[in-house]
Amino acid sequence: MLILGTGIAGLRSAIEVLKASNEKLSVGVISKVHLMRSHSVAPEGGAAAVLSENDSFEQHAYDTIKGSDFLADQDVVEEFVRRCPEEILQLEHWGCPWSRNEDGSIALRLFGAHEVPRTVFAEDRTGHFLMRTLYDTLLRYQNFERYDEFFAVSLVVEEGRFSGLLALKRKDTSPVFFKARAIILATGGLGRLWEFTTNAHTTTGDGFAMAFKAGIPLKDMEFIQWLPTCMVPHGIPATEALRGHGAILLNSEGERFMKRYAPEKMDLAARDIISRAIMQEIMEGRGWKSHGNMDSVLLDARPVGEEKLLTIYRTFVENARDFIGIDPLTELVPVRPAAHFSMGGIDVDIGMKTEVMGVFAAGEVACASIDGANRLGSNSLPMCLVTGAIAGRSAVSYAIRKKESVKVSKKRIFEEVDSIEKIIGKRGDFGVYSLIKRLQRTMEKNVHVFREEKGLLEALKTIRQLKEDYLNVGLSDSSRAFNVELIHLLELGFMLDVAEVIVTSALMRRESRGAHYRLDFPYRDDNKWLRHTIARCRNGGVEISYKPVRITKWKPEERRY
Ligand SMILES: Cc1cc2nc3c(=O)[nH]c(=O)nc-3n(C[C@H](O)[C@H](O)[C@H](O)COP(=O)(O)OP(=O)(O)OC[C@H]3O[C@@H](n4cnc5c(N)ncnc54)[C@H](O)[C@@H]3O)c2cc1C
């Protein structure tokens, strides 16, 4: 069994596979970087779960569905919220040091668009402690092998079934073929398609593209989340939890502008609404010119108080002081929305199974449709845990049933290896990094918080041109040891495929819903568009179809905060 990705979703899956199979199945865990450098170490904010008497599964489900602008599949959300608390308590038993109240109970804090405080956290290093706890737990098992710094290139599917994974060992660029009965894709997000992002450099959408190329559909890819409050010019987040503890947003006139966009929830409205409000303020001339000449609004964190800022928000304070030279204890912090999270992903059912037998997905790369058109803050970490556990169990029951393996066509693998070999040291008219910049710039300009047909068409044209230019890229590094330029080129190939899917899906959805806001179609249209976008790879292009949203008890209504 293979697990591709060692973030929170991948590690949680690996533990579940080993536990559920009683270690009868051997597991290979693969990561393109060192296991603990997976992007999941970054989150400061926390993980949502119903853990207090004032809360209920109904309420968490409703908040999530309302947040999703009614695009989430409601049966999946109901299952998700029921499983969150058991995952949080399981992590506690495995040793995760959740922050505590004075009486020793697990502390909960308020996040945007959640009706009650339900976000657990481990100081301001939640992701780091989750990763450590999962890694320590994995080490209690024997039957697994780590493949750190192996870069996966493609999924091999024969006769509609998964047969193996082609990867490159980064140390010497040698090809490795992993033959396996099943794989769980846990490759994380795609924020690096944009210039201004909260995501790590490794977050280049590889898993989305590999699945797409292997014939697995991608779902709802037009829905990208912008995190409203990211410090300019680098995109480091000022966690939403700060606003739960009293921080406020101001425009250049010193006005609390959120009162005009979300009169009740104000700075704690859903992320899509705050991101649009910030961009609107900037567009109407009430922004603040700041570092790198970027437009921003201002975050006043002083109401949070010095004690909290210097303890549970220490990372935020240090980042603001060290990276932009601003002290949030006394000064206002310039922030604007940055590309943050993919609501869409590999189309999976409630058991995290894809259309191709033997391929499962979990975490941010998977779309079981919990987030719909907009994710609530602190729902992703529990989603990674819950979907990781479910994918692990589903994959075990599949692998135990399907003992015989599929015949692998060696010719196809040799051809792919050969094409990579030919790139090393190749001369060409374009450099990798100029192409990456061109892609990021067009995404930033045309596929952002506000979109319209003209800009989306421009982006599509640029992406198709970049795909042609890609064939004529030269590499200045011809060495085989850690050839970073080659890896970036392969990542760019993935990014271009995913960008084409995102833009095509966005062009076709002629309405505004959640994070997908079309200036030329500014209203939600449930009659025509209460449906999921499905993108398939056909003849090298993108074919779009739709499937219904599953509603259990919450009828779509106008969303107000
Ligand atoms: C700055 C920041 C703060 C956040 N804070 C919160 C928060 O407080 N609460 C919350 O709920 N959510 C938060 N999120 C979202 C959440 O952190 C992510 O959605 C989640 O960590 C994704 O985890 P994952 O396991 O799916 O993927 P990742 O942790 O991104 O792991 C992906 C793995 O796949 C591997 N991989 C990818 N491509 C390849 C390839 N080609 N070959 C080999 N390996 C590959 C990588 O090496 C890595 O091991 C935050 C996100 C960011 C960016």
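Residues numbered from 1 in each chain as written. Predicted model: local features only at pLDDT ≥ 70, side-chain atom pairs only at ≥ 80, totals over all residues. Heavy atoms only, no water.

Taken together, 36 residues are adjacent to the ligand, and Ser38, His39, Ser40, Glu364 and Leu381 come closest. A distance of 2.8 Å separates a nitrogen atom of the ligand from a polar atom in the side chain of Asp206. Contact between the ligand and Glu364: an oxygen atom at 2.7 Å from a side-chain N or O atom of the residue. Coverage of the ligand by the protein amounts to 96% of the 1000 Å² it exposes when considered alone. Among the elements of the structure, helix H1 (8–20), strand S6 (150–158), helix H5 (206–213), strand S16 (333–342) and helix H10 (380–401) are those that each provide at least two residues to the shell around the ligand. Residue composition of the shell around the ligand, by class: 14 nonpolar, 18 polar and 4 charged. (Near = heavy atom within 4 Å. Polar contact = N/O pair within 3.5 Å; in protein donor to acceptor, adjacent residues only side chain to side chain. Areas by Shrake-Rupley, 256 points an atom, 1.4 Å probe, with all protein chains shown as cover. Helix = DSSP H or I, 4+ residues; strand = E, 2+ residues; numbered from the N terminus. Nonpolar A, V, L, I, M, F, W, Y, C, P; charged D, E, K, R; others polar.)

The subject of this paragraph is the domain arrangement of the protein chain. Interface size is commonly expressed as the accessible surface area that is lost when the partners come together. For the protein chain, the domain assignment lists domain 1 (2–223 + 343–401), domain 2 (230–337) and domain 3 (410–527). Across the boundary between the two partners, domain 2 contributes 6 residues, which contact 6 residues of domain 3. Summing both partners gives a buried area of about 550 Å² for domain 2 against domain 3, and 73% of it is carried by carbon and sulfur. When the area that domain 2 buries against domain 3 is broken down by residue, the three leading residues are Asp272, Arg276 and Met279, summing to 66%. The interface formed by domain 2 and domain 3 includes 0 salt bridges. Across the contact surface, domain 2 and domain 3 share 1 residue pair in polar contact (both at pLDDT 80 or more). Tallied by class, residues from the side of domain 2 that touches domain 3 come to 2 nonpolar, 2 polar and 2 charged. (Domains from an automatic or database assignment. Contact = heavy atoms within 4.5 Å. Buried area = accessible area lost by both parts, 1.4 Å probe. Salt bridge = Lys/Arg side-chain N within 4 Å of Asp/Glu carboxyl O.)

The next subject is the sheet that holds strand S17 (residues 345–347). As summarised here, the arrangement of the 5 strands in space is S19-S17-S10-S22-S23, forming an open sheet in which the pairing is mixed. Two strands close off the open sheet at either side, each with one partner strand: strand S19 (366–367) and strand S23 (541–548). Against the sheet, H5 makes contact with strand S10 (218–219), S17, strand S22 (531–538) and S23, and its axis sits at roughly 35° relative to S17, the strand it touches most. Along the sheet face, helix H14 (residues 484–508) touches S10, S22 and S23 and points at about 50° away from the line of S23. (Pairing = 2+ DSSP bridges. Axes fitted to C-alpha atoms, helices over the stretch in contact; angles between N-to-C directions.)

As a further point, take the state of the cysteines. Counting across every chain of the model gives 0 disulfides. Cysteine Cys537 is unpaired, with the sulfur of Cys367 as its nearest cysteine sulfur at 18 Å. (Disulfide = S-S within 2.5 Å.)

Spacing of three or four residues puts side chains on the same side of an α-helix, whose turn is 3.6 residues. If you check H14, its first and last C-alpha atoms are 36 Å apart, about what 25 residues at 1.5 Å a residue would give, namely 36 Å. Most of H14 sits inside the fold, with 22 of its 25 residues counted as buried. Capping the start of H14, Asn483 holds a side-chain oxygen 3.3 Å from the backbone nitrogen of Glu485, two or three residues further along. (Expected span 1.5 Å × (residues − 1). Buried < 20%, exposed > 50% of the residue type's maximum accessible area, 1.4 Å probe, protein only.)

The omega angle of the peptide bond from Val232 to Pro233 is 10°, so this bond is cis rather than trans. By the element assignment, Pro233 lies in the loop between strand S11 (224–231) and strand S12 (236–237). Not every positive phi belongs to a glycine, and Phe70 is a case in point at roughly 65°. You can see Phe70 is positioned in the loop between helix H2 (57–67) and helix H3 (74–94). We note that Met266 has phi near 50°; this positive angle belongs to a residue other than glycine. Among the secondary structure elements, Met266 is positioned in the loop between strand S13 (248–250) and helix H7 (271–283). Exposure remark for Met266: the relative accessible area of 18% places this residue in the buried category.

Judged by nonpolar contacts, the single largest core of 182 residues is most densely connected at Trp194, Met258, Phe316, Met443 and Ile502. Here the element with the most residues in this core is H14; it accounts for 15 residues. (Core = buried A, V, L, I, M, F, W, Y, C linked by side-chain atoms within 4.5 Å.)

This part takes up the sheet that holds strand S18 (residues 359–361). Strand order in this open sheet of 5 strands is S5-S2-S1-S9-S18, and the pairing throughout is parallel. The open sheet has two free edges, formed respectively by strand S5 (144–148) and S18, since each of these has just one partner strand. Between one strand axis and the next, the sheet turns through 20° on average, direction left out of account. Sheet topology places strand S9 (residues 183–185) next to S18; 3 bridges connect them, and they run parallel. Opposite Leu185, over in S18, you have Ala361 as the bridge partner. Strands in contact with H1 are strand S1 (2–4), strand S2 (27–31), S5 and S9; relative to S1, the strand with the most contacts, it is inclined by about 170°.

Moving on: the pairing of S6. Across the 9 residues of S6, 8 count as buried, placing the element largely inside the fold. As defined by bridge partners, S6 adjoins strand S7 (residues 161–169) across 8 bridges and the pair is classed as antiparallel. Bridge assignment links Ser154 to a residue of S7, and that residue is Leu166. Remark: 2 residues form the turn of the hairpin made by S6 and S7, two consecutive strands paired antiparallel; Glu159 in that turn has positive phi of roughly 50°.

A full pass over the atoms with the stated rule returns 58 salt bridges. The residue Glu491 makes a salt bridge to Lys32 at a minimum N-O spacing of 2.8 Å. Here the residue Glu491 occupies a position in helix H14, and Lys32 occupies one in the loop between S2 and strand S3 (47–48), the gap between them amounting to 459 residues. By relative accessible area, Lys32 is classed as buried at 14%. Through salt bridges with shared partners, a single network forms among Asp69, Glu222, Asp272, Arg276, Arg509, Glu511, Arg513, Arg524, Asp526 and Arg559.

What follows concerns the packing of aromatic side chains. Counting across every chain of the model gives 9 aromatic pairs. Between Tyr147 and Phe150, the aromatic rings sit 5.3 Å apart at their centres with planes inclined by 80°, giving edge-to-face as the arrangement. Look at Phe150 and you get buried, because its relative accessible area is 11%. Ring geometry for Phe257 versus Tyr261: centroids 6.3 Å apart, planes at 85°, classification edge-to-face. Following the ring pairs from residue to residue traces out a cluster consisting of Tyr147, Phe150 and Phe178. Positioned above the aromatic ring of Phe121, the side-chain terminus of Arg109 is 3.8 Å from the ring centre. Here the guanidinium or amino end of Arg375 rests over the ring plane of Phe341, the centre of that ring lying 4.0 Å away. (Phe/Tyr/Trp six-rings, centres within 6.5 Å; stacked < 30°, edge-to-face > 60°. Lys NZ or Arg CZ within 6 Å of the ring centre and 35° of its normal.)

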